[in-house]
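Each chain, letter by letter, is given below.
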Amino acid sequence: VSTDKSVNPTNIMGLTKRIVEVSLNEFFRKTNVDLLTVRFGNVIGSDGSVFHKFLHQIKNYQKITLTDLSVKRYFMNISQAANLIIKTSLIGKAGNVYILNMGEPIKIYDFIVSMINKHGDKDQINDIKIIGLMPGEKINEELYYDHENVKALDDTIFVGTYKNINFDINAFESFFENIDVSDEIGIRRYINSIKIF
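Since the model is a prediction, treat every value here as computed from it, not as a measurement.

Participant: I'd love a proper account of a nonpolar patch on the surface, names of residues and values included.
Facilitator: A contiguous nonpolar surface patch, about 390 Å² in accessible area, is contributed by Ile86, Leu90, Ile91 and Leu153. Position of Leu90 among the secondary structure elements: in helix α3 (residues 78-91). Judged by its relative accessible area of 69%, Leu90 is exposed.

Participant: Tell me what's going on with the sheet that holds strand β10 (residues 151-152), and back it up with residues and numbers.
Facilitator: The strand order β1-β2-β7-β11-β10 describes an open sheet built from 5 strands, whose pairing is mixed. In the strand order of this sheet, the two ends are held by β1 (2-3) and β10, each with one partner. Summarising the sheet, β1 and strand β2 (residues 37-40) pair through 2 bridges and their orientation is parallel. Its bridge partner being in β2, Thr3 is matched across the sheet by Phe40. Its contacts with the sheet place α3 against β2, β7 (96-100) and β11 (157-161), and it is angled at close to 165 degrees to β2.

Participant: Go over the layout of surface pockets, please, and point to the residues and values.
Facilitator: Roughly 750 Å³ of volume is contained in the largest pocket. For the lining of the largest pocket, the per-class residue count stands at 13 nonpolar, 13 polar and 9 charged.

Participant: Quick one: what's the story with the packing of helix α1 (residues 12-29) against helix α6 (residues 184-193), residue by residue and with numbers?
Facilitator: Axis separation between α1 and α6 bottoms out at 10 Å; the angle between their running directions is 55 degrees. Considering their axes alone, α1 and α6 lie oblique with respect to each other. Of the two possible hands of crossing, α1 and α6 adopt the one that is left-handed. Residues Ile12, Leu15, Thr16 and Ile19 of α1 form the contact with α6, whose own contacting residues are Arg188, Ile191 and Asn192.

Participant: A description of the packing of helix α2 (residues 50-59) against helix α4 (residues 108-119) should follow, citing residues and the corresponding values.
Facilitator: Taken N-terminus to C-terminus, the directions of α2 and α4 make an angle of 50 degrees; their axes are 10 Å apart at the nearest point. Considering the angle they form, α2 stands oblique to α4. In terms of crossing hand, the pair formed by α2 and α4 is right-handed. Contacts between α2 and α4 involve Val50, Phe51, Phe54, Leu55, Ile58 and Lys59 on the former and, on the latter, Ile108, Phe111, Ile112, Met115, Ile116 and His119. In terms of residue class, the contact of α2 with α4 is built from 10 nonpolar, 1 polar and 1 charged.

Cut-offs and rules
- Residues numbered from 1 in each chain as written.
- Predicted model: local features only at pLDDT ≥ 70, side-chain atom pairs only at ≥ 80, totals over all residues.
- Heavy atoms only, no water.
- Patch = residues over 30% accessible without salt bridge, like charges linked within 9 Å, V, L, I, M, F, W, Y side chains within 5 Å.
- Areas by Shrake-Rupley, 256 points an atom, 1.4 Å probe, with all protein chains shown as cover.
- Salt bridge = Lys/Arg side-chain N within 4 Å of Asp/Glu carboxyl O.
- Helix = DSSP H or I, 4+ residues; strand = E, 2+ residues; numbered from the N terminus.
- Buried < 20%, exposed > 50% of the residue type's maximum accessible area, 1.4 Å probe, protein only.
- Pairing = 2+ DSSP bridges.
- Contact = heavy atoms within 4.5 Å.
- Axes fitted to C-alpha atoms, helices over the stretch in contact; angles between N-to-C directions.
- 1 Å grid on protein atoms, 1.4 Å probe; cavity = no way out; pocket = protein on both sides within 12 Å on 5 of 7 lines; lining within 4 Å.
- Points joined across faces, edges and corners; volume = space filled by probe spheres on them.
- Nonpolar A, V, L, I, M, F, W, Y, C, P; charged D, E, K, R; others polar.
- Parallel < 35°, antiparallel > 145°, perpendicular 65-115°, else oblique.
- Left-handed = near helix turned anticlockwise from the far one by under 90°.

Given below as C-alpha cells:
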C-alpha cells in the first residue's frame, strides 16, 4: 500500500514512500512472490486524516487552518480503500500499480466549507485562516508517473506498469546498518541522493 505522495515526491515523507515502492518491487522481482502496488489518495476518516483536524477545529469554534486556497487533493473513504486492496489482490498482476478512480481532485477549501455546513455554523467560513504551504507541500498531488502508462482497468480502478529502477537494496541496507539514527541531516542528505524515478 503506497500513496499519491510517492509520485514526484517533494518532501521526506513522499521520498520514503517512493523508496519503499521501488525497493520492494526490486526485491520481489527476483522472487516467485507476486508484489502488487496500490496507491491511495487521502482516506477520509482514517487515523491521521485531515478530516479529524478540521472537525476538531469546527466543533470547538477554532480558527480553521488551510495552507492555500488552491490546494487540491484526491479523496477516498475507508470502504473504497479496503475494496481496492481486496480487488487488486484478486485480479492484480505482478509488476503493475493499481489506483482507485477517485474522480477529479477536490479543493480543500470546498471540503472545509462542506464540513462547516454539515458540522458547524456557516459563520465559521470566516474563521478559515490561510497559513501558507508547508516546506515540500504541493498544490496538487499526482497519482502516477507518465512512464507508468496508466489506463482504466474498469470503472473503478486504473492500472499502470511499474518501471524497474534497479534500486541497490544492499547499499540501502548497508547505509542504515551503519548510520547514527540521530543524524537527521545525514539521513535526509542520503535519502535525497537516491535515484528513484
